[in-house]
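The residues making up each chain are set out below.
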Amino acid sequence: MAYIFEDQLQVSAPADKVWAILSDGDTWNTWNRHEVIDAGDFSPNAPKNQRATVKLAWAGNGVWDETHPVRPDFVDAATRKVQISVRILAGLAFFNVHWYQVEVVNEHTCRIKQYERFEGLGPKLGVGFNYHLCHASMKAQNLALKEHVEALQVPAKL
């Protein structure tokens, strides 16, 4: 059995502006109270097999319930996509792939997409992770990013 979660949300902001925020893992803690990536060098030129840490707050309160090692697979500015993954025992015990992508809808609007898949013996047995909370957290992250970016679009009142 695999757990697969997907979500997408339209944002009233240009794709490049959303991508600049999403692809900067060091600033996630300014808008994301559900998940933060301590990525070190999360750029396209990052060393292969680099390790990072993801912190998860299931209640969305910035109090980290779980911390997991992850591997940044890629950050692709051309497709505005970032992907991280986790493999335990070559993926037999646990394999997770999680990506975020920003798509252009028009000049002033974009779509945030998220996809996450869990496979291996752990998910098959329903152990090793809070799978049932993942989809709600994903939706909340997308909404947090949307609200953050759209707030930046509003001109400051004098």
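All of the points below concern the structure found in this document. (Residues numbered from 1 in each chain as written. Predicted model: local features only at pLDDT ≥ 70, side-chain atom pairs only at ≥ 80, totals over all residues. Heavy atoms only, no water.)

**Examining the pattern of salt bridges**
Heads up, the rule is: Basic side-chain nitrogens of Lys or Arg form a salt bridge, by our definition, when they fall within 4 Å of a carboxyl oxygen of Asp or Glu. Each helix corresponds to a stretch of at least 4 residues labelled H or I by DSSP, and each strand to a stretch of at least 2 residues labelled E; elements are numbered beginning at the N terminus. Summary of the burial criterion: residues with accessible area below 20% of their type's maximum are buried, those above 50% are exposed, and those between are partly exposed, where the area comes from a 1.4 Å probe applied to protein chains only.
Applying the stated rule across the entire model yields 6 salt bridges. For Lys113, the salt bridge goes to Glu103, with nearest N and O atoms at 3.4 Å. One end of the pair, Lys113, is in strand E7 (residues 109-119); the other, Glu103, is in strand E6 (residues 94-106), and 10 residues separate them in sequence. Classification of Glu103 as partly exposed rests on a relative accessible area of 23%. Where Lys146 meets Glu150, a salt bridge forms, and the shortest distance between an N and an O atom there is 2.9 Å. Taken together, the residues span about one helical turn, with Lys146 and Glu150 both in helix H3 (residues 131-153) at a distance of 4 residues. On the accessibility criterion, Lys146 (19% relative accessible area) is buried. Each of Glu103, Arg111 and Lys113 takes part in one network of salt bridges that share partners.

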